[in-house]
Amino acid sequence: MAVNQVLTDDQRAILEAAETFAREQLLPAYQAREKQEAKLDRALLREMGALGLIAPDAPVEYGGLGLESFVCGLLAEAMGYGDFNVAYAPVSASLLSQIIAAHARPEIADRWIRRMVAGDALVAVALTEPRGGSDAAQLVLQATRCDGGYLLRGEKNSISMADQSDAIITFARSGPAGGGARGVSAFLVPTDSKGVTTTRFDDLGGWVVGRGSVFYDDVFVPEDHRLGDEGGGFRQVMQGFDYSRALLGLQCIGAAQASLDETWRYVNEREAFGQTLAAFQGVTFPLAEGETMIAAIRQLCHHTLRLRDAGLPHTAEAAMCKWLGPKTAVDVIHQCLLTHGHYGWSKDLPHQQRLRDVMGMEIGDGTAQIMKLIIARDRSAARS
Ligand SMILES: Cc1cc2nc3c(=O)[nH]c(=O)nc-3n(C[C@H](O)[C@H](O)[C@H](O)COP(=O)(O)OP(=O)(O)OC[C@H]3O[C@@H](n4cnc5c(N)ncnc54)[C@H](O)[C@@H]3O)c2cc1C
């Protein structure tokens, strides 16, 4: 990977550790994990934690390495190359440890981030409700004040890792109904709290991560588990989501790069009309186009993360990553599947699984249309 040449020694060392782990531990069992496991392998996550591969950007005082967001982007691509589903755990830990560090009380942040970074705890985020996810600010799950904290009542659905997380950052309405973003608070809810129950959906892809509903039946959440101000949670905490959009873009193109690499090998071996497939430009040009698109998106994501590391605005750029990354990855993996002919259509090869796994990210964390709304709003405001 050419990016290696512009890294510091520390950055190069952690990237090489991630690439080795992804190729030796993740890639060989990518398909087996879907067949055998309906959950992320906790022992594997602890191994990643011990290598510093989970949220190395988390603050040092909470057990992280305090590295740049850009480095987490490099790791997201490396892990996405090995196993798109396992890669979701560190990507989500990077986002959520930053949110917890910024908005939780120090003792709560210490308790949870330390465990996340070590691979001991999975934290999910619950925003979407049965009534819809795009217009998230209209959420209705109720947080009612009580002695010492809040009681949460309602349902979230379409929540990644719903049935295997140890805590869920939950957005709930603590203000009057119909108040939009104002009046929404965020809470860190341990999933062993009384009144929390979950289900699992029968999804097309992303099986090891899983998705489901979370029901809150008068769940007591202590006051010190609120993230940010009462009623200010939506505005404060949602700002962090620009970060995951660039990481998700890289996670997706990592998976696409794996399919491309496998396809280059295939077209150099398989023969038709007396030559290898690689001799035909009709075969190699689509792959060359895929390489080009992936290289362009990689640069866009790196640029976005560098803006973030420099403390500069990057909301529109993050939305570009989140729209174009998954979409291009799906297109490229689809092409790789077709280039394998009838073998590509078999479940023996990984392209069909990558296609199903990555496609979910065209919806999760906000659809293409919502990303384009964000880009248009930002650019329109900048030019008015
Ligand atoms: C794999 C996966 C993982 C997920 N993980 C999580 C999670 O961990 N936590 C969580 O809270 N949610 C999660 N989600 C839910 C996801 O965030 C929502 O599905 C998404 O925000 C869209 O909401 P919706 O499905 O309710 O669609 P809707 O909001 O009902 O929209 C339906 C369609 O209409 C389009 N649309 C809506 N409004 C507009 C508009 N103004 N202009 C143009 N088009 C519009 C949308 O783009 C979409 O195509 C996940 C979803 C998936 C698929």
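Higher on the page you've got the structure.
The sections below set out a description of the structure shown in this document. (Residues numbered from 1 in each chain as written. Predicted model: local features only at pLDDT ≥ 70, side-chain atom pairs only at ≥ 80, totals over all residues. Heavy atoms only, no water.)

**Observations regarding the site of the ligand**
Item 1. In the neighbourhood of the ligand, 18 residues make up the surrounding shell, with Thr128, Gly133, Ser134, Ser158 and Thr367 lying closest.
Item 2. The backbone of Leu127 places a nitrogen or oxygen atom 2.8 Å from an oxygen atom of the ligand.
Item 3. In the model, a nitrogen atom of the ligand is placed 2.7 Å from a nitrogen or oxygen of the Thr128 side chain.
Item 4. Here the ligand, which alone exposes 980 Å², has 63% of that area covered by the protein.
Item 5. For the shell around the ligand, the element with the most residues is strand 3 (residues 149–160), which contributes three residues. (Near = heavy atom within 4 Å. Polar contact = N/O pair within 3.5 Å; in protein donor to acceptor, adjacent residues only side chain to side chain. Areas by Shrake-Rupley, 256 points an atom, 1.4 Å probe, with all protein chains shown as cover. Helix = DSSP H or I, 4+ residues; strand = E, 2+ residues; numbered from the N terminus.)

**Topic: the packing of aromatic side chains**
Item 1. Tallied over the full model, the rule gives three aromatic pairs.
Item 2. Taking 6.3 Å as the distance between ring centres and 85° as the angle between the ring planes, the aromatic pair formed by Phe273 and Phe280 counts as edge-to-face.
Item 3. The exposure class of Phe273 is exposed, given its relative accessible area of 79%.
Item 4. Here the basic side chain of Arg200 rests over the ring of Trp207, its NZ or CZ set 4.6 Å away from the ring centre. (Phe/Tyr/Trp six-rings, centres within 6.5 Å; stacked < 30°, edge-to-face > 60°. Buried < 20%, exposed > 50% of the residue type's maximum accessible area, 1.4 Å probe, protein only. Lys NZ or Arg CZ within 6 Å of the ring centre and 35° of its normal.)

**Examining the environment of Gln281**
Item 1. Locating Gln281 in the fold gives a position in helix 9 (residues 281–309).
Item 2. Residue Gln281 is classed as exposed on the basis of its relative accessible area, which comes to 53%.
Item 3. Residues Gln281 and Asp217 lie 64 residues apart in sequence; the distance between their C-alpha atoms is 60 Å.

**Regarding the pattern of salt bridges**
Item 1. Taken as a whole and judged by the stated rule, the model has 20 salt bridges.
Item 2. Note that Arg114 and Asp110 form a salt bridge whose closest N and O atoms lie 3.0 Å from each other. With Arg114 and Asp110 both in helix 6 (residues 106–118) and four residues apart, this pair spans about one turn of that helix.
Item 3. Asp365 is the partner of Arg245 in a salt bridge, and the nearest nitrogen-oxygen pair spans 3.4 Å. Here the residue Arg245 occupies a position in helix 8 (residues 241–269), and Asp365 occupies one in the loop between helix 12 (351–359) and helix 13 (368–383), the gap between them amounting to 120 residues.
Item 4. Of the residues examined, Arg245 reaches a relative accessible area of 10% and is grouped as buried.
Item 5. The exposure class of Asp365 is partly exposed, given its relative accessible area of 25%. (Salt bridge = Lys/Arg side-chain N within 4 Å of Asp/Glu carboxyl O.)

**Overview of unusual backbone geometry**
Item 1. Positioned with a positive phi, Ala55 is a non-glycine residue whose angle comes to about 45°.
Item 2. By the element assignment, Ala55 lies in the loop between helix 3 (42–50) and helix 4 (69–82).
Item 3. The phi dihedral of Ser158 is positive, around 70°, even though this residue is not glycine.
Item 4. Tracing the backbone through its elements, the reader meets Ser158 in strand 3.

**Notes on the side chain of Ser69**
Item 1. Among the structural elements, Ser69 can be located in helix 4.
Item 2. Residue classification places Ser69 among the buried residues on the basis of a relative accessible area of 7%.
Item 3. Discounting residues that sit within four places of it in the chain, Ser69 has contacts with Tyr243, Leu247, Leu305, Arg308 and Asp309. (Contact = heavy atoms within 4.5 Å.)

**Brief notes about the pairing of strand 5 (residues 184–190)**
Item 1. Most of strand 5 is tucked away: seven of the seven residues are buried.
Item 2. Of the two faces of strand 5, the one lined by Val184, Ala186, Leu188 and Pro190 and the one lined by Ser185, Phe187 and Val189 are each fully buried.
Item 3. Pairing between strand 4 (residues 167–173) and strand 5: seven bridges, direction antiparallel. Looking at strand 5, one finds that Ile169 is bridged to Leu188. (Pairing = 2+ DSSP bridges.)

**Re the nonpolar core**
Item 1. Residues Ile169, Phe171 and Leu188 are the most contacted members of the largest nonpolar core, which totals 93 residues.
Item 2. With 13 residues, helix 8 is the single largest residue contributor to this core.
Item 3. If near-sequence neighbours (up to four positions away) are discounted, Ile169 is found in contact with Leu96, Ile99, Ile100, Val123, Ala124, Val125, Ala126, Phe187, Leu188 and Leu227.
Item 4. Ala124, Leu152, Ile168 and Ala172 belong to the second largest nonpolar core, which has 17 residues in total. (Core = buried A, V, L, I, M, F, W, Y, C linked by side-chain atoms within 4.5 Å.)

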